[in-house]
Amino acid sequence: MPTTPTRIIDPKGMIIGWSIIVLWWASLLVLLNLDFSWTNPLVYLGVLIQTHLYTGLFITAHDAMHGVVSSHKKANHLTGWIAAILFSYNFYWRLFPKHHEHHRHVATEQDPDYHPSGRFLIWYLSFIKQYLNIWQFLLMAVTFNILKLWLPTENLIVFWMLPAILSTLQLFYFGTYLPHRGERENAHHSRSQPKNHLWAFMSCYFFGYHYEHHDSPGTPWWRLWRVKEKQTA
């Protein structure tokens with residue numbers, strides 16, 4: 001499903017995408033070397049920050065699938081591929097067709113992101129099953145065992161592995177479950193959260209404005225709030 005950006009995205013798309021990637025790296029490096037203690041409030045803040053940045057990695061890969069990170073195809077797909085790999089070894093070209101199937105067949109049996117039960121846990125497990133494979137587990141296990149030779153095990157688990165898991169919950173809850181649960185009598189079978197740009201960004205990079213995304217898939221995440229403004233004006 002090729003899409004056309006609603007406006008010129010260069011170079012802002014690459015700047016935003018790579019800012020998220022660099023911030024994820026920088027945050028992780030700091031946190032992996034943090035003196036770990038459950039009584040340290042920075043531990044909890046670090047988990048929240050790293051979870052949000054993990055979500056940003058996936059959103060960057062997602063935007064690349066829609067061709068809205070860069071108008072230069074190779075740069076666009078390379079950025080998406082890197083962002084996906086950093087998100088627990090997700091494979092960009094495996095995600096790519098599944099995401100476009102979601103857009104073509106939203107909330108139907110052909111939609112890989114959808115589960116007709118509407119039940120959170122069953123739907124979440126079905127969602128995860130679609131996007132995980134044995135190679136990811138093996139690569140994560142190998143990487144973990146190598147890194148723990150130099151880094152504290154607690155830091156690796158709490159700041160590298162845990163935020164990745166929490167991020168899948170964030171992406172699923174705000175980007176799939178809330179938008180697509182229940183019957184929606186509109187062209188995209190989607191609902192959107194009420195307009196609140198700060199919460200929309202903090203919760204899932206504006207993907208709570210989900211009808212707007214399906215209605216304008218060529219709009220990058222950082223412009224979805226403008227689409228929301230137009231539709232609520």
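In what follows, the structure referred to is the one given above.
Caption draft 1: Quick look at the overall build of the protein. Secondary structure assignment for the protein yields 10 helices and 0 strands. When the helices and strands of the protein are read in sequence order from the N terminus, they spell out α-α-α-α-α-α-α-α-α-α. Taking 2.2 N^0.38 as the reference for a compact globule, 233 residues should give roughly 17 Å; the C-alpha atoms of the protein span a radius of gyration of 18 Å, in line with that estimate. Expressed along its principal axes, the backbone C-alpha trace of the protein runs to roughly 50 × 40 × 35 Å. Summed over its atoms, the accessible surface of the protein is roughly 12,100 Å², and 68% of this surface lies on carbon and sulfur atoms. Once the 18 positive and 13 negative side-chain charges of the protein are each reduced to a mean point, those two points are 3 Å apart.

Caption draft 2: Structural detail: the pattern of salt bridges. With the rule as written, the count across this model stands at 2 salt bridges. Its salt-bridge partner being Lys-195, residue Glu-229 comes within 3.6 Å of it at the nearest N-O pair. Of the two residues, Glu-229 is situated in helix α10 (residues 224-232) and Lys-195 in the loop between α7 (153-180) and α8 (197-204); the sequence distance between them amounts to 34 residues. For Lys-228, the salt bridge is made with Glu-212, and the minimal N-O distance between the two is 3.4 Å. With Lys-228 in helix α10 and Glu-212 in helix α9 (residues 210-215), this residue pair connects regions lying 16 residues apart in the sequence.

Caption draft 3: A look at the layout of surface pockets. Of the pockets and cavities examined, the largest pocket occupies roughly 430 Å³. Surrounding the largest pocket, 18 residues form its lining, Ser-88, Leu-132, Ala-164, Ile-165 and Thr-168 being those nearest its centre. Counting residues per element, the ones that place at least two in the lining of the largest pocket are α5 (120-131), α6 (134-147) and α7. Of all the elements, α7 adds the most residues to the lining of the largest pocket, at 5 residues.

Caption draft 4: A look at the nonpolar core. Formed by 47 residues in total, the largest nonpolar core has its most connected members in Trp-24, Tyr-54, Leu-57, Trp-160 and Trp-221. For this core, the secondary structure elements donating two or more residues are α1 (12-32), α2 (41-65), α3 (73-86), α4 (92-104), α5, α6, α7 and α8. Counting residues in each nonpolar core, the second largest holds 6 residues, with Leu-31, Val-43, Val-47 and Phe-159 among its members.

Caption draft 5: Just the environment of Val-158, in detail. Here Val-158 shows up in helix α7. Taking the C-alpha atoms as reference points, Val-158 and Val-43, 115 residues apart in sequence, are found 8.4 Å from one another. Apart from the residues within four sequence positions on either side, Val-158 is in contact with Phe-36, Trp-38, Val-43, Val-47 and Pro-163.

Caption draft 6: How the structure looks around α8. Within α8, burial applies to Ala-200, Ser-203 and Cys-204. Take α8 and look down its axis: the buried residues cluster within an arc of 75°, on one side only. For α8, the secondary structure elements touched by its buried residues are α2 and α7. With its phi angle positive at about 55°, Tyr-205 sits one or two positions after the end of α8.

Caption draft 7: Inspection of empty space enclosed by the protein at higher detail. Counted under the stated rule, the structure contains 2 cavities of 30 Å³ or more. A volume near 230 Å³ is recorded for the largest cavity. If you trace the largest cavity, you find 19 residues lining it, with Phe-58, His-62, His-99, Asp-113 and Thr-176 closest to the centre. Going through the elements one at a time, α2, α4, α5, α7 and α9 are the ones with two or more residues in the lining of the largest cavity. Considered class by class, the residues forming the lining of the largest cavity number 9 nonpolar, 9 polar and 1 charged. Here the second largest cavity defines a volume of roughly 50 Å³.

Criteria and thresholds
- Residues numbered from 1 in each chain as written.
- Predicted model: local features only at pLDDT ≥ 70, side-chain atom pairs only at ≥ 80, totals over all residues.
- Heavy atoms only, no water.
- Helix = DSSP H or I, 4+ residues; strand = E, 2+ residues; numbered from the N terminus.
- Rg over C-alpha atoms; globule rule 2.2 N^0.38 Å.
- Areas by Shrake-Rupley, 256 points an atom, 1.4 Å probe, with all protein chains shown as cover.
- Lys, Arg positive; Asp, Glu negative; His and termini not counted.
- Charge placed at Lys NZ, Arg CZ, Asp CG, Glu CD.
- Salt bridge = Lys/Arg side-chain N within 4 Å of Asp/Glu carboxyl O.
- 1 Å grid on protein atoms, 1.4 Å probe; cavity = no way out; pocket = protein on both sides within 12 Å on 5 of 7 lines; lining within 4 Å.
- Points joined across faces, edges and corners; volume = space filled by probe spheres on them.
- Core = buried A, V, L, I, M, F, W, Y, C linked by side-chain atoms within 4.5 Å.
- Buried < 20%, exposed > 50% of the residue type's maximum accessible area, 1.4 Å probe, protein only.
- Contact = heavy atoms within 4.5 Å.
- Arc of directions from axis to C-beta.
- Nonpolar A, V, L, I, M, F, W, Y, C, P; charged D, E, K, R; others polar.

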